[in-house]
Amino acid sequence: MADLHLPPTLPPLYRDLPRRLDIEAATVEEAIAHLDERWPGLRDRLCEQGPVLRRHIHVYVDRERADLDTALDARSRVDVITAISGG
Amino acid sequence: MSSTVLLVGTRKGCFVLESDQDRRDWQVRGPYCEGWPVYHAVHDPDSGAIYAAAASEWHGAGVWRSTDRGESWELSSEGLAYDDGDGGLKLSKISGLTAAHGRVLAGAEAAGVFESRDGGATWSLLSTLDGQPGRERWNDPANQPPGHLGLPAILPDPDEPSRFWAIVQGVGIFETADDGASWTPRNRGLRADWPLENPEVGYCVHKLVMSPADRERFYQQNHCGMHRSDDGGHSWVEITDGLPSDFGFAAAAHPHDRDTFYVIPLDPGHGRCMHDGAAAVWRTRDAGATWQRLDRGLPQRDAWLGVLREGLAIDSLDTPGLYFGTSTGQVFASTDEGESWSEIASYLPSISSVEVAVMD
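Just so you know, these numbers come straight off a predicted model, no measurement behind them.

Caption draft 1: Region of the structure containing the overall build of chain B. Of the regular secondary structure elements, chain B holds zero helices and 28 strands. Compactness check: chain B gives a C-alpha radius of gyration of 19 Å against a globular reference of 21 Å for 360 residues, within 12% of the reference. Across the 360 residues in chain B, those meeting the buried criterion constitute 59%. Pairs at least 24 apart in sequence give 47% of the contacts found in chain B among residues at least 6 apart. Of the accessible surface of chain B, which amounts to about 14200 Å², a share of 46% is contributed by carbon and sulfur atoms. Computing the positive centroid from 29 side-chain charges and the negative centroid from 53, chain B places the two 3 Å apart.

What follows is the structure in structure tokens.
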């Protein structure tokens, strides 16, 4: 099970969505698809037309910058980060 | 007893201001919508729901909805997207909402109209105005101003559900009478201070309003002057004379008098604030023949206030109240048709929109 960490901007949008959860998935895209099944609409918060990751959403797998087709294994740590910007 | 409710869209969420029908004491609630930038919040008089068009820089565009006067909100963007068959259009923002005839219409950037018939839970694309003059160049990056062109406002016909008008930024007004299946440009008589390849389009319409007292009477604040139409938008005459500038964004039509209309002229330069640091709303009572400056109670020194397209609202009470919100977070209200004003909120985030509803 990959160890998935979400940004603090997401849980307020979906009932019972935690900041951290274990997820069984072969790729980042599959992990997001599983999230979207349980919390419909969540994919649109992370991905845009393509699909590709949104411009200001970065995903890291084991601290390496990842994209949707990056592979996950059972011990992967996945961090979803919102860009450090705004004011 | 009825309440007067202001829906205020800001750069950091939606706020709700509530008063009784005296409109003297206001309670401010919010911010709602998780602090997302809200471009336009509207009330559906049929269902009682509130809708707020928003776009997060991180999480994309969507429409928030509340069925309990703003106490709780849900977000949906299901169906709010172009697909591969839509000519490479990309949806970056929902900027204008209209609730009428049992559905919600949303104007999008890039330019398109979406509709929801289930109270904002799901959306579907109604039209991208294909085939209109110059349509193939609307999204050419070489033609884009700062920001980019979208469809920021939709004006419904009060009687015919399939008829509505849409503003496309930098292009003009289009009317459909068949729910977006076909469109007609409605820009005849408008002024453009730049060369036009096609006289039917190329106009910068900022705000379009219909008189509730006469559906043939339209007004618009254009980048190039104030204009009036007496034939349902088929032709326009300019009515700028007497105003301090031909530029502004916001406008409102009196609910009971077809000849009374309000605008907020701004400096047309980069500042786009009220002139000379002195705040004023301007009113005509004779369809634009003459204008009166209304400034009693508004700051007259060091007040560099901006008001955007949806920043001015008027209610439908017997003696209508007016409300405007500024780019510096103040909301001003008048309960006497603009004769005098008071500041009812002072420290909100930068305001994009103000709409007013009378709710039971």
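Caption draft 2: Representation of the packing of aromatic side chains. Residue and element names in this part refer to chain B. Tallied over the entire structure, the rule returns 13 aromatic pairs over all chains. Each ring, one from F218 and one from W236, has its centre 6.4 Å from the other, and the planes form 85 degrees; the classification is edge-to-face. Here F218 is found in strand β17 (residues 214-222), whereas its partner W236 is found in the loop between β18 (225-229) and β19 (237-238), with 18 residues between them in sequence. Here F218 and W236 have matching classes, each one buried. Its end group placed over the ring of Y39, K93 keeps NZ or CZ at 4.2 Å from the ring centre.

Caption draft 3: Spotlight on the sheet that holds strand β7 (residues 74-76) of chain B. Residues and elements named next belong to chain B. Taken together, four strands build an open sheet; the order of strands is β4-β5-β6-β7 and the sheet is antiparallel. Each edge of the open sheet carries a strand with a single partner, namely β4 (38-43) and β7. Looking at each pair of strands side by side, their axes are set apart by 25 degrees on average, direction ignored.

Caption draft 4: Local environment of the interface of chain B and chain A. Taken together, the 16 residues of chain B in the interface contact 15 residues of chain A. At the boundary of chain B with chain A, total buried surface from both sides reaches about 1400 Å², with 47% on carbon and sulfur atoms. On the chain B side of the interface with chain A, the three residues burying the most area are E57, W58 and H59 of chain B, jointly 49% of the side's total. Element by element, the count of residues in the side of chain B that touches chain A is highest for strand β6 (residues 60-66) of chain B, at three residues. Looking at the side of chain B that touches chain A residue by residue, the classes come out as eight nonpolar, three polar and five charged.

Caption draft 5: Region of interest: the environment of E71 of chain B. Residue and element names in this part refer to chain B. Mapped onto the elements of the fold, E71 is located in the loop between β6 and β7. The class of E71 is exposed, set by a relative accessible area of 52%. Counting along the chain gives 160 residues from E71 to D231, while the straight-line C-alpha distance between them is 42 Å. Reaching out from E71, the side chain makes a polar contact with the side chain of R29 at a distance of 3.2 Å.

Caption draft 6: Representation of the pattern of salt bridges in the model. All names here are of chain B. One pass over the structure, following the stated rule, counts 35 salt bridges over all chains. For E136, the salt bridge identified is with R137, shortest N-O distance 3.3 Å. Among the residues examined, E136 registers a relative accessible area of 63% and is labelled exposed. A relative accessible area of 37% places R137 in the partly exposed class. The closest approach of N and O atoms between E337 and R285, which form a salt bridge, is 3.5 Å. Taken as a pair, E337 in the loop between β26 (331-334) and β27 (342-345) and R285 in the loop between β22 (281-284) and β23 (292-294) lie far apart in primary sequence, 52 residues in all. Each of D157, D159, E160, R163, E175, R186 and R215 takes part in one network of salt bridges that share partners.

Caption draft 7: How the structure looks around the environment of L151 of chain B. Residue and element names in this part refer to chain B. Its place among the elements puts L151 in the loop between β11 (124-127) and β12 (153-156). For L151, a relative accessible area of 0% puts it in the buried group. Along the chain, L151 and A110 lie 41 residues apart, while their C-alpha atoms are 7.2 Å from each other.

Caption draft 8: View of the sheet that holds strand β14 (residues 172-176) of chain B. Residues and elements named next belong to chain B. The antiparallel open sheet is built from four strands, whose spatial order is β12-β13-β14-β15. Two strands close off the open sheet at either side, each with one partner strand: β12 and β15 (184-185). Here β12 runs beside strand β13 (residues 164-168); their pairing, made up of four bridges, is antiparallel. Across the sheet, I154 pairs through a bridge with A166, a residue of β13.

Caption draft 9: Layout of helix α1 (residues 28-38) of chain A. Residues and elements named next belong to chain A. Taken as a whole, α1 has its buried residues at V28, A31, I32, L35 and D36. Across the axial projection of α1, the buried residues extend over an arc of 140 degrees, all falling on one side. Turned more than 90 degrees away from the buried face of α1, the exposed residues are E37 and R38.

Caption draft 10: Just a negative patch on the surface, in detail. A contiguous patch of negative charge, built from E24, E29, E30, D67 and D69 of chain A, is present on the exposed surface. The exposure class of D67 of chain A is partly exposed, given its relative accessible area of 40%.

Thresholds applied
- Residues numbered from 1 in each chain as written.
- Chains lettered and ligands numbered in written order.
- Predicted model: local features only at pLDDT ≥ 70, side-chain atom pairs only at ≥ 80, totals over all residues.
- Heavy atoms only, no water.
- Helix = DSSP H or I, 4+ residues; strand = E, 2+ residues; numbered from the N terminus.
- Rg over C-alpha atoms; globule rule 2.2 N^0.38 Å.
- Buried < 20%, exposed > 50% of the residue type's maximum accessible area, 1.4 Å probe, protein only.
- Contact = heavy atoms within 4.5 Å.
- Areas by Shrake-Rupley, 256 points an atom, 1.4 Å probe, with all protein chains shown as cover.
- Lys, Arg positive; Asp, Glu negative; His and termini not counted.
- Charge placed at Lys NZ, Arg CZ, Asp CG, Glu CD.
- Phe/Tyr/Trp six-rings, centres within 6.5 Å; stacked < 30°, edge-to-face > 60°.
- Lys NZ or Arg CZ within 6 Å of the ring centre and 35° of its normal.
- Pairing = 2+ DSSP bridges.
- Axes fitted to C-alpha atoms, helices over the stretch in contact; angles between N-to-C directions.
- Buried area = accessible area lost by both parts, 1.4 Å probe.
- Nonpolar A, V, L, I, M, F, W, Y, C, P; charged D, E, K, R; others polar.
- Polar contact = N/O pair within 3.5 Å; in protein donor to acceptor, adjacent residues only side chain to side chain.
- Salt bridge = Lys/Arg side-chain N within 4 Å of Asp/Glu carboxyl O.
- Arc of directions from axis to C-beta.
- Patch = residues over 30% accessible without salt bridge, like charges linked within 9 Å, V, L, I, M, F, W, Y side chains within 5 Å.

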